[in-house]
Amino acid sequence: MTHWGPQAKLLVVGGLKKSPDIMRWLSQVLLLAFCPAACTTPGGQLTQAHRPSQPRPAAASVLKFPMVRSFFVSPRGSDVNDGTAPSAPFKTVGRAQKAVRAARAAAPAAAVVVNLRGGTYSRSDGGVLLPLELADSGTAEAPVVWRSYPGEDVLLSAGAHVPPAAFTRRQGHLQQLQANLTALGLTDLGRLGQWDGPSPTAHNDSHVAGPYPAPLQGRRGWNGVQAAELFWDGQPATLARWPNVKPDVGDGSGGSFVWARTAGGYPPNCAGTSGEPQPPTAGARPVCTGFTSSAPFTNSTAQLEAWAAEAAQRDPALHGYWSFDWNEKYLPLVGVNVSARAMVTTNALDPSRAFPYSDTYYSFLTKIDAEGEGGCAAHDWTHCRPGARWYALNLLSELDAQNEYYIERSTRSDVARQNYGLLYVHPPTPAARGAASADGAVLSMGQQVVTLGSGVAFVTFEGLRIGYSRDTAVKSLGPVANITIRNCTVANTGAGAIGLVGAGIEIAQTEVYGTAAFGITIKGGKRDTLQRSYNLIQGCEVHHTARLLRTGQPGLHWVGVGNTFRENHVHHMPHYAVMGGANQA
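Parameters at a glance
- Residues numbered from 1 in each chain as written.
- Predicted model: local features only at pLDDT ≥ 70, side-chain atom pairs only at ≥ 80, totals over all residues.
- Heavy atoms only, no water.
- Helix = DSSP H or I, 4+ residues; strand = E, 2+ residues; numbered from the N terminus.
- Buried < 20%, exposed > 50% of the residue type's maximum accessible area, 1.4 Å probe, protein only.
- Contact = heavy atoms within 4.5 Å.
- Areas by Shrake-Rupley, 256 points an atom, 1.4 Å probe, with all protein chains shown as cover.
- Pairing = 2+ DSSP bridges.
- Phe/Tyr/Trp six-rings, centres within 6.5 Å; stacked < 30°, edge-to-face > 60°.
- Lys NZ or Arg CZ within 6 Å of the ring centre and 35° of its normal.
- Expected span 1.5 Å × (residues − 1).
- Arc of directions from axis to C-beta.
- Salt bridge = Lys/Arg side-chain N within 4 Å of Asp/Glu carboxyl O.
- Core = buried A, V, L, I, M, F, W, Y, C linked by side-chain atoms within 4.5 Å.

Participant: Outline the overall build of the protein chain, listing residues and values.
Facilitator: When helices and strands are counted, the protein chain shows five helices and 41 strands. Looking at the protein chain as a whole, 57% of its 585 residues qualify as buried. Restricting the contact set of the protein chain to residue pairs at least 6 apart, pairs at least 24 apart contribute 73%. If you sum the accessible surface of the protein chain, you get close to 22200 Å²; carbon and sulfur atoms cover 54% of it.

Structure below.
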């Protein structure tokens, strides 16, 4: 029987005026907000049926402008070419960007079209592949268009491909592979130690679309800009965890979450000689906090001892809904009391393991309020709500299921430092294991793929695949105008897919999936004067998002005045489908 997860929700907040506009909007947006099993997928895992047909074709319309200057780019080209003919293309988008600027300066009345031939264009050194600035803009009469060559698949990537030849069998684990990432020059792997979470609703008064550059502040625990992720054949892999994800059973779900449950209490003697942890005084933290677990926590002693060793040497973590089922949090696993079968989650004696708290919450501990709501017993800061859902992750000892991986990136111990840069992976299919092949293994390295600086205007992206970033893939760094994204696929990101601020923005017939957080967020217009933004999101499909940050990360999100959403298909996400707040939406 199909398991039905929590229903995705439509939330509209803020000072919405009573206007026919909102009724038209509600009648035009298609929300499949009911979430079957795949709604609870841990990493937006997609079955073949979920995957988009690639490539998305470029629009067949012919640009009709008095003057058009065309350039061509190919992975097989050369940057010494002039790039003006298919037979003599540039090799890199960076060289094409310089040509666009020169063409715009020489002939401002001419539109510029950059035709990208099939293949992958990537930058894996941490920089942005296509950082557009004011000089890269077009005009209404002469726009700049970046598009795929008709009928060819183009990928703009912030990831690094891990070639099949880099993989060998992992000794003692015949179904697993390993690769030395540092030998490939991939050394900036990030660290899963101090995470934090973006909120797409937190930028109401900012010119920058969330999430935001580090350091971030908050309680969510996951920082999308810090750590490299593995993607295999266009699908996010799962960081090694317990309990394992329930595999796809042929129902099209792509697999679903399996949770452990807390039993309340705290790890005995975890506070040292002082005995039980005490409620914190102002500005203080308990020496340690934690919980014991209930069914289905049936781990063996050997398994818990392995967890304890990793807690001492590496950076394992816990992810759970510790107090409320509408807000999750990541926590460091700093120890395991094996005899008590209990987890230790915070240790004030080791500040390097502490999380960047921004308020009076301590770890997952929530003081009960006057209405009786909260996750813990009254005035008790030592344990979480019994029955809270959680799982453990980033544990090498739990690498035992298809599509799981682990990257040795901690420097906390000699063992971790000696193996720094080793990637271990359990490939997703028996065929891949049998061939010892790693075709399609990509590691996210860059923060964004495309950035748009303040004032960038009249630029179109058409027929492109964009992804494999640690942060939001397409992101404005200031107000922009008349930016169009059409017939594109933006997928597999460490935060959101598209985050833009400005006016005249159009995102149409575009697919978004595999994001760690939100799907698309836009902000525009002025609430004090009710000046409309005329932003439009139309005919898009957004699905399998919020795979790492599961709450408060909508598929579609807006802030401002005069933003129009219509005829969009939003489905398979664990919380909000659409969320926004403003006037005249």
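Participant: Outline the sheet that holds strand β9 (residues 159–161), supporting the account with residue identities and numerical values.
Facilitator: Pairing is antiparallel in the open sheet, where four strands are placed in the order β9-β25-β12-β13. Looking along the sheet, the strands with just one partner apiece sit at the ends: β9 and β13 (235–236). Direction of pairing for strand β12 (residues 230–232) relative to β13: antiparallel, over a ladder of two bridges. Across the sheet, the residue bridging to W232 is Q235, located in β13.

Participant: How would you explain the packing of aromatic side chains if you had to name every residue and give the values?
Facilitator: Per the stated rule, a full pass over the model turns up nine aromatic pairs. An aromatic cluster of at least three residues, connected via ring pairs, comprises W242, W307 and W390. One cation-aromatic arrangement involves R389 over Y321; the distance from NZ or CZ to the ring centre is 4.1 Å. For R532, the ring lying beneath its charged end belongs to Y534, and the centroid distance is 5.4 Å.

Participant: Which residues make up helix α3 (residues 301–313), and what are the values?
Facilitator: Helix length check: α3, at 13 residues, gives a terminal C-alpha distance of 18 Å against a target of 18 Å (1.5 Å per residue), a fit within 8%. Turning to α3, its buried residues number three or more, namely L304, W307, E310 and A311. Along α3, the residues classed as buried sweep out an arc of 120° about the axis, all on the same side. Facing away from the buried side of α3 by more than 90 degrees, the exposed set consists of A302 and A312.

Participant: Which residues make up unusual backbone geometry, and what values go with them?
Facilitator: Comment: phi is negative for the bulk of residues other than glycine, and the bulk of peptide bonds are trans. Of note, the bond from W242 into P243 is cis; its omega dihedral lies within 30 degrees of zero at -5°. Along the chain, P243 falls in the loop between β15 (241–242) and β16 (260–264). In this model, D233 sits at a positive phi of 50°, which is unusual for a non-glycine residue. Structurally, D233 is set in the loop between β12 and β13. Residue D233 is classed as partly exposed on the basis of its relative accessible area of 40%. Unusually for a residue other than glycine, N394 sits at a positive phi of about 60°.

Participant: Any details on the pattern of salt bridges? Residues and values, ideally.
Facilitator: Two side chains of opposite charge can pair, provided their charged atoms sit close to one another. One pass over the full model with this rule turns up 11 salt bridges. Between E152 and R117 there is a salt bridge, and its shortest N-O distance comes to 2.8 Å. Placement of E152 in the loop between β7 (144–148) and β8 (154–157) and of R117 in the loop between β4 (111–116) and β5 (119–122) is noted, with a sequence separation of 35 residues between them. On the basis of relative accessible area, E152 is assigned to the partly exposed category, the value being 21%. With a shortest N-O distance of 3.1 Å, E462 and R486 are connected by a salt bridge. Taken as a pair, E462 in strand β27 (residues 457–462) and R486 in strand β30 (residues 480–486) lie far apart in primary sequence, 24 residues in all. Since its relative accessible area comes to 4%, E462 is described here as buried. Its relative accessible area of 23% is what places R486 among the partly exposed residues.

Participant: Would you mind going over the environment of D528 in detail, with residue names and values included?
Facilitator: Of note, D528 is situated in the loop between β35 (520–524) and β36 (535–538). With relative accessibility at 69%, the residue D528 sits in the exposed group. Distance from D528 to V561, taken between C-alpha atoms, is 9.6 Å for residues 33 residues apart in sequence.

Participant: Please set out the nonpolar core residue by residue, giving values where relevant.
Facilitator: Residues W146, L156, L452, F461, L500 and I507 are the most contacted members of the largest nonpolar core, which totals 53 residues. For this core, the element with the highest residue contribution is helix α2 (residues 93–106), accounting for five residues. If you look at the next biggest cluster of nonpolar residues, it comprises 32 residues, including A179, L181, F257 and A317.

Participant: Give me the lowdown on the side chain of D471, citing residues and values where you can.
Facilitator: Mapped onto the fold, D471 is located in the loop between β28 (465–469) and β29 (474–476). Residue D471 is classed as buried on the basis of its relative accessible area of 1%.

Participant: Residue-level account of the pairing of β7, with values.
Facilitator: Most of β7 sits inside the fold, with five of its five residues counted as buried. Alternating residues of β7 divide into V144, W146 and S148 and V145 and R147, and every residue in both groups is buried. Taken together, the five bridges between β4 and β7 define a ladder with parallel strand orientation. The residue of β7 that forms the bridge with V114 is W146.

Participant: Lay out the sheet that holds strand β14 (residues 238–239) with the relevant residues and their values.
Facilitator: Spatial strand order, β10-β11-β24-β23-β14: five strands in an open sheet with mixed pairing. The open sheet has two free edges, formed respectively by β10 (167–170) and β14, since each of these has just one partner strand. Relative to strand β23 (residues 404–407), β14 is paired through two bridges, and the arrangement is parallel. Residue L239 lies in a different strand from β23, and its bridge partner there is Y405.

Participant: Go over the pairing of strand β32 (residues 498–503) with me, naming the residues and quoting the values.
Facilitator: In terms of residue burial, β32 counts as a mostly covered element, since five of its six residues are buried. Where β29 meets β32, two bridges bridge the pair, whose relative direction is parallel. Bridge pairing in β32 places V474 opposite I498. Relative to β32, β30 is paired through two bridges, and the arrangement is parallel. Across the sheet, residue V480 finds its bridge partner in β32, namely G502.

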